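Structural characterization, general
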Amino acid sequence: HMKTAILIAVEDYADKSIRPVKYAEADATELAAVLVQHGFNESDRLMLINGAATKTIIESRVRKTIATLTEDDVVYFYYAGHGFSKNDRNFITCHDTQRSDLDRTSIPLDWLFGQFKTSHCKRVVMLLDSCESGLLATADMRGIYSDLTDDELKEFFEQSEHCICFAACKTGEESWPSGQLKHGIWTYHVIEAFDGRAPGALERNTLLTSGSLQNYLRAAIPRSLRTTYTDKKVQTPWMFGAHSGDFLLADLGNLLESRKR
C-alpha cells in the first residue's frame, strides 16, 4: 500500500494585514523529512508552502491527490497556518486569503472532509496546527468569526472509523511558537515523537499510537511553554477519532535499532 503525505504551510500572507505564522514553513518541511523514515516517500508527497498554497492550487492539488488513493493507502494531512470559523463552519486560510473577504477566500474544512469521505482511502491522519491568533485583531470582526469549533470536527471523526485528527490547541486558545526551537511547540513535539527522540511518546518502547502520542503531547507542551515563556500560557492539544486510543501511527522498532548500531 502507498503512503501519501499532504503538507500545507502558510507562513506569509499576500494580504499584509494578516500576521505571519511563525515557523510554519520549518514545521512542514521538517515533518515531511521525518515522515520519510516511515515510508512516506517524496514521490508520493504533496507539499504546498506560502506562494504555492493559494486557494486554487490547494483545492486542485488536494482533490487530485485524494482521488488517486485506494483503500489500502494511508494519507497524512498536515496544515500550519491561521484557522477560523464562521457560523459554526471551520476554515483554513490560504496564501491569498483576503482579510476583508475571509470565508470566500479560505477553504472550508468540510470541503476537505468531503474529499476524504468520497475517496476510497480508509486511513486518514490529520494534524492541524491552526488558530486564529493574529488573523482577526479587530473587535468588530470577532463577533462574526470565532475559533475553530469542536463540534464539526467531532462529528466527522466520530463517523469515520479510520480517521483520526490531532489539533494543536483547543477552541479559543493559541498555538505558541518557540524562538529557541524555531518551531511551533506542538509540531516540534509531533516531529520529535515520529523521529523516535521522545521515548515517552512510545508504547512498549517502539510503538507510536494515537493514544501514546496524545498523552505525550499533553505532558510535553505545558513543559515547553513553561521553559519558553515567563508568563503562563495555556495550550491544550486535542484529538478526535473513533478508536482514538489504539490507532497505530508508526512502529519505530527498526529506526531505533538502526541508531544503536
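Just so you know, these numbers come straight off a predicted model, no measurement behind them. (Residues numbered from 1 in each chain as written. Predicted model: local features only at pLDDT ≥ 70, side-chain atom pairs only at ≥ 80, totals over all residues. Heavy atoms only, no water.)

1. Notes on the pattern of salt bridges
Oppositely charged side chains are able to pair whenever their charged atoms sit close together. What counts here: A carboxyl oxygen of Asp or Glu within 4 Å of a side-chain nitrogen of Lys or Arg is what we treat as a salt bridge. Helix and strand definitions here come from DSSP, where helices need a minimum of 4 consecutive H or I residues and strands a minimum of 2 consecutive E residues; each element is numbered from the N-terminal end. Exposure classes here rest on a 1.4 Å probe applied to the protein chains alone. A residue is buried below 20% of its type maximum, exposed above 50%, and partly exposed in between.
All told, the structure shown has seven salt bridges when counted by the stated rule. A salt bridge links arginine 89 to aspartate 110, with the nearest nitrogen and oxygen atoms 3.0 Å apart. Within this pair, whereas arginine 89 is found in strand S4 (residues 89-92), its partner aspartate 110 is found in helix H3 (residues 109-118), the two being separated by 21 residues in sequence. Arginine 197 is paired through a salt bridge with aspartate 195; the nearest N and O atoms lie 2.8 Å apart. Residue class for arginine 197 comes out partly exposed when judged on its relative accessible area of 37%. With relative accessibility at 13%, the residue aspartate 195 sits in the buried group. Several salt bridges share partner residues, and in doing so they unite Asp195, Arg197 and Arg259 into one network.

2. Topic: the packing of aromatic side chains
Rules: For Phe, Tyr and Trp, rings pair up if their centres lie within 6.5 Å, where Trp contributes its six-membered ring, and each pair is then called stacked (planes under 30 degrees apart), edge-to-face (over 60) or tilted (otherwise). Only lysine NZ and arginine CZ atoms are considered, and such an atom sits over a ring when it is within 6 Å of the ring centre and within 35 degrees of the ring normal.
If you walk through the whole model with that rule in mind, you get six aromatic pairs. With a centroid separation of 4.9 Å and 10° between ring planes, the pair formed by phenylalanine 84 and phenylalanine 91 is classed as stacked. With relative accessibility at 0%, the residue phenylalanine 84 sits in the buried group. Grouped by ring-pair contacts, the aromatic residues Phe40, Tyr76 and Phe194 constitute a single cluster. Across the ring face of phenylalanine 247, the terminal group of arginine 123 is positioned such that the distance to the ring centre comes to 4.3 Å. Positioned above the aromatic ring of tyrosine 229, the side-chain terminus of lysine 233 is 5.2 Å from the ring centre.

3. As for the nonpolar core
Note on soluble globular proteins: their nonpolar side chains tend to be buried together. Short version of the rule: Among the buried residues, those of types Ala, Val, Leu, Ile, Met, Phe, Trp, Tyr and Cys that are joined through side-chain atoms within 4.5 Å form a nonpolar core.
Membership of the largest hydrophobic core comes to 78 residues, with the highest contact counts inside it found for Phe77, Met126, Phe194 and Leu208. When residues in this core are grouped by element, the largest group, seven residues, is from strand S3 (residues 74-86).

4. What about the environment of arginine 123?
Quick reminder of the rule: Two residues qualify as a contact provided that any one of their heavy atoms is within 4.5 Å of a heavy atom in the partner residue. Within 3.5 Å is the distance limit for a polar contact, defined as a pair of N or O atoms, with the added protein rule that one can donate a hydrogen and the other accept it, and that residues adjacent in sequence qualify only through two side-chain atoms.
Within the secondary structure layout, arginine 123 lies in strand S6 (residues 123-131). Between the C-alpha atoms of arginine 123 and threonine 70, which are 53 residues apart in sequence, the distance is 10.0 Å. Every residue in contact with arginine 123, bar those within four places of it in the chain, is listed here: Asp73, Val74, Val75, His162, Phe247 and Leu248. Side-chain polar atoms of arginine 123 contact the backbone oxygen of leucine 248, separated by 3.1 Å.

5. What to know about a negative patch on the surface
Going by this rule: Patch membership needs two things, relative accessible area over 30% and no salt bridge, and members are linked within 9 Å if like-charged or within 5 Å if nonpolar (Val, Leu, Ile, Met, Phe, Trp, Tyr). The accessible surface values rely on the Shrake-Rupley method and a 1.4 Å probe; as for residues, cover is taken only from the protein chains in view. Note that His is not counted, nor are the chain ends; the positive residues are Lys and Arg, and the negative ones are Asp and Glu. Working definition for charges: the position is that of NZ of Lys, CZ of Arg, CG of Asp or CD of Glu.
Together, Asp88, Asp151, Glu155 and Glu158 line one region of the surface with negative charge. Following the sequence through the fold, glutamate 158 ends up in helix H5 (residues 150-159).

6. Focus on unusual backbone geometry
One non-glycine residue, asparagine 50, lies in positive phi territory at about 45°. The residue asparagine 50 is located in the loop between strand S2 (45-49) and helix H2 (55-67) in this model. With a relative accessible area of 12%, asparagine 50 lands in the buried category. Phi is positive for asparagine 205, close to 70°, though the residue is something other than glycine. Within the element layout of this structure, asparagine 205 appears in the loop between helix H6 (185-194) and strand S11 (207-209).

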